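Listed below, chain by chain, are the residues.
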Amino acid sequence: MKTQVCVIGGGPSGLLLSQLLHLKGIDTVVLEKHSREYVLGRIRAGVLEHGFAKLMREAQCGERMDREGEIHEGFLIAHDGRLDRIDLHGLSGGNSVVVYGQTELTRDLYDARARLKGTVIHDVEDVRLNDLHSGRPSVSYRQGDEVVQIECDYVIGADGFHGVSRKAIPRTVLREYEKLYPFGWLGVLSRTKPVSPELIYARHERGFALCSLRSQVLSRYYIQVPLTDSVDDWADDAFWAELKRRLPDEVAARLLTGPSIEKSIAPLRSFVAEPMRYGRLFLAGDAAHIVPPTGARGLNSAASDIYYLYHAMLAHYQRGDDSGLDGYSAKALARVWKAQRFSWWMTMLLHTFPDRIDYERKLQQTDLDYLLSSEVAQRSLAENYVGLPF
Ligand code: FAD
Ligand code: PHB
């Protein structure tokens, strides 16, 4: 098999790039380890930057997002029994975010790939990247007993944190930066009316909590839990009781509970791999970087990688200009590190750290007091939350 761009990973990053390139006449093949149903069964992100929403429209995938997604112009911070609002729209000069689930967005991308008869191959095993430093790299995979080889111009590693692409870069070249946090987020999806029309990020000494949503009838809630906890330790009743304890009384009183329709624990991690290019391999999204979900940056950082890669590929194929490809790693990493800083900061501001000394507890309190009393500090938060320019 031959293609121009072989994309490893059929998550949002890989599908979006494949769709954008296809619309410009550039041939792609997407290889995905799992079935479509499996990929769509993962409940993850919910908040999209306006720049990402724009890119979805450019990919001709924005119709349902624009119809069903909700525009949010602010969010709330709960602390010390009260609520304060961050006016994203007013503070960022008129920007906002779109609340639209990653599951729905991925479904739209799959549907768009199918409409254009794009090649997305599921259930591939033993994906291998070959000759990345030659002019003609290739990717091989196995499906059942058959081994298939794809010759291509470029390979895109969009196969998430646990994928194979990053591992194809020699240890002597790759530098990894990582910070692990001593807790995870237990997330519950429930068919209930959300407790608040806007997201609530709650700081509480028992641990962080987040009230989010997917629609006016579908709520997504999270609580900070120790890494040693498992989903089986948290019956629905225990989850709701703990969530209520971490919210101001008036919010807890109006929280509607119901059976969970999904429940999972995600450990919190900050991670960056450098460089994001090796020969003819380009890494994108979670394959190259991970953030704790507190700042809602993960999927959005993936989108900015795709934006840079898309334009770099267009310049190459349409004008023979390789400057975008050559500059990709440095350009993408500059934005990635800003998302890392912001996500780390929001995580440190809002979570309870088991081993924190009194001095650090005081600093955390002061950080929050400063934020809530300073418009300049809130502007910085808003600028980062709605998304820095690509
Ligand atoms: P992935 O979604 O991981 O996709 C990679 C794909 O590659 C997968 O489908 C995988 O099956 C496939 N794959 C893996 N290995 C191979 C292989 N060897 N061969 C072929 N295919 C392979 N981000 C936000 O921006 N906003 C939020 O509000 C937000 N909330 C989050 C909440 C939670 C609880 C979590 C866990 C994450 C959240 N994120 C959020 C982060 C976001 O979900 C990720 O950043 C996003 O999924 C990255 O997309 P991706 O396509 O790069 O990687
Ligand atoms: C979500 O709705 O899943 C969500 C929203 C905001 C975050 C993280 C996750 O910061």
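Residues numbered from 1 in each chain as written. Chains lettered and ligands numbered in written order. Predicted model: local features only at pLDDT ≥ 70, side-chain atom pairs only at ≥ 80, totals over all residues. Heavy atoms only, no water.

Student: How should the overall build of the protein chain be read in this particular structure?
Tutor: Helices and strands together make up the secondary structure of the protein chain, namely 12 helices and 20 strands. Against the globule reference of 21 Å for 390 residues, the protein chain gives a C-alpha radius of gyration of 21 Å, in line with a compact fold. Each principal axis of the C-alpha atoms in the protein chain carries an extent, and together these give about 60 × 40 × 40 Å. Taken across its 390 residues, the protein chain has 55% of its residues classed as buried. In the protein chain, of all internal contacts separated by at least 6 residues, the share reaching a separation of at least 24 is 72%. Accessible surface, the protein chain: about 16900 Å² in total, of which carbon and sulfur atoms supply 50%. (Helix = DSSP H or I, 4+ residues; strand = E, 2+ residues; numbered from the N terminus. Rg over C-alpha atoms; globule rule 2.2 N^0.38 Å. Buried < 20%, exposed > 50% of the residue type's maximum accessible area, 1.4 Å probe, protein only. Contact = heavy atoms within 4.5 Å. Areas by Shrake-Rupley, 256 points an atom, 1.4 Å probe, with all protein chains shown as cover.)

Student: Help me understand the nonpolar core, please; the structure alone is not making it clear to me.
Tutor: Across soluble globular proteins, nonpolar side chains show a tendency to be buried alongside one another. Within the largest apolar cluster, 71 residues are counted, with the highest numbers of intra-cluster contacts made by L16, L31, I156 and M313. Ranked by residue count, the leading element in this core is helix 9 (residues 298-319), at 9 residues. Sequence-distant contacts of M313, defined by excluding residues within four places in its chain, comprise V5, L21, I26, Y154, I156, F282 and L325. Judged by nonpolar contacts, the second largest core, of 32 residues, contains F75, I86, V97 and L381. (Core = buried A, V, L, I, M, F, W, Y, C linked by side-chain atoms within 4.5 Å.)

Student: In this structure, what is going on with the site of ligand 1? I would like to understand it.
Tutor: Neighbouring ligand 1 are 32 residues, the closest being S13, E32, Q102, D286 and L299. P12 places a polar main-chain atom, nitrogen or oxygen, 3.3 Å from an oxygen atom of ligand 1. A distance of 2.7 Å separates an oxygen atom of ligand 1 from a polar atom in the side chain of S13. Counting residues per element, the ones that place at least two in the shell around ligand 1 are helix 1 (12-23) and helix 9. Among the elements that make up the shell around ligand 1, the one with the highest residue count is helix 9 (3 residues). Per-class residue counts for the shell around ligand 1 are 14 nonpolar, 11 polar and 7 charged. (Near = heavy atom within 4 Å. Polar contact = N/O pair within 3.5 Å; in protein donor to acceptor, adjacent residues only side chain to side chain. Nonpolar A, V, L, I, M, F, W, Y, C, P; charged D, E, K, R; others polar.)

Student: What am I meant to see in the sheet that holds strand 18 (residues 277-278) here?
Tutor: Note: strands within a sheet are paired through backbone hydrogen bonds, in either parallel or antiparallel orientation. Across the sheet, which stays open at both edges, the 6 strands sit in the order 8-2-1-12-19-18 with mixed pairing between neighbours. Looking along the sheet, the strands with just one partner apiece sit at the ends: strand 8 (119-121) and strand 18. Those strands touched by helix 1 are strand 1 (5-8), strand 2 (28-31), strand 8 and strand 12 (154-157), and its axis lies near 165° from that of strand 2. (Pairing = 2+ DSSP bridges. Axes fitted to C-alpha atoms, helices over the stretch in contact; angles between N-to-C directions.)

Student: Teacher, can you tell me more about the pattern of salt bridges here?
Tutor: Opposite charge on two side chains makes pairing possible when the charged atoms of those side chains draw close. All told, the structure shown has 29 salt bridges when counted by the stated rule. Its salt-bridge partner being R85, residue E198 comes within 2.8 Å of it at the nearest N-O pair. Residue E198 is found in the loop between strand 13 (175-190) and strand 14 (200-202), and its partner R85 is found in strand 6 (residues 82-86); the two are separated by 113 residues along the sequence. Looking at R85, the relative accessible area reads 40%, which means it is partly exposed. Here the salt bridges share partners, and the residues they tie into one network are E63, R64, R67, E68, E104, R107 and D108. (Salt bridge = Lys/Arg side-chain N within 4 Å of Asp/Glu carboxyl O.)

Student: Looking at this structure, how should I read the sheet that holds strand 7 (residues 97-99)?
Tutor: Here 3 strands make up an open sheet; going across it, the order is 3-7-4 and the pairing antiparallel. Every other strand in the sheet has two partners, leaving strand 3 (47-49) and strand 4 (70-72) as the edge strands with one partner each. Across the sheet, the mean angle separating the axes of adjacent strands is 35° when strand polarity is ignored. Summarising the sheet, strand 3 and strand 7 pair through 3 bridges and their orientation is antiparallel. Residue E49 lies in a different strand from strand 7, and its bridge partner there is V97.

Student: Sorry if this is basic, but what is going on with helix 3 (residues 50-58) here?
Tutor: In an α-helix, one turn spans 3.6 residues; hence positions three or four apart end up facing the same way. Every buried residue belonging to helix 3 is among G51, F52, A53, L55 and M56, and all of these are buried. For helix 3, the secondary structure elements touched by its buried residues are helix 1, strand 3, helix 4 (63-68), strand 7, helix 6 (102-115) and helix 9. Note on helix 3: the residue one or two positions beyond its end, Q60, has a positive phi of about 60°.

Student: Can you walk me through unusual backbone geometry in this structure?
Tutor: A negative phi holds for most residues other than glycine; trans holds for most peptide bonds. The omega angle of the peptide bond from E274 to P275 is -5°, so this bond is cis rather than trans. Note on placement: P275 falls in the loop between strand 17 (260-274) and strand 18. The phi angle at K117 is positive, at roughly 60°, despite the residue not being glycine. Relative to the assigned elements, K117 resides in the loop between helix 6 and strand 8.

Student: Please clarify how the site of ligand 2 should be interpreted in this entry.
Tutor: Around ligand 2, a shell composed of 13 residues is seen, among which Y201, S212, R214, Y222 and P293 lie nearest. Between ligand 2 and R214 there is a distance of 2.7 Å, counted from an oxygen atom to a side-chain nitrogen or oxygen. Protein contact buries 97% of the 280 Å² of open area that ligand 2 shows by itself. Here the shell around ligand 2 is composed, by residue class, of 8 nonpolar, 3 polar and 2 charged.

Student: Looking at this model, I keep getting lost on the side chain of E198. Mind explaining?
Tutor: Relative accessible area serves as the criterion here: at 17%, E198 is assigned to the buried category. At 2.8 Å, the side chain of E198 forms a polar contact with the side chain of R85. Excluding anything up to four places from it in sequence, E198 contacts H72, E73, G74, F75, L76 and R85.

Student: What am I meant to see in the state of the cysteines here?
Tutor: Cysteine pairs can be linked by a disulfide, which is a covalent bond between their two sulfur atoms. With the rule as written, the count across this model stands at 0 disulfides. With no disulfide partner, C61 has as its closest neighbouring cysteine sulfur the one in C6, 20 Å distant. For C61, a relative accessible area of 4% puts it in the buried group. (Disulfide = S-S within 2.5 Å.)

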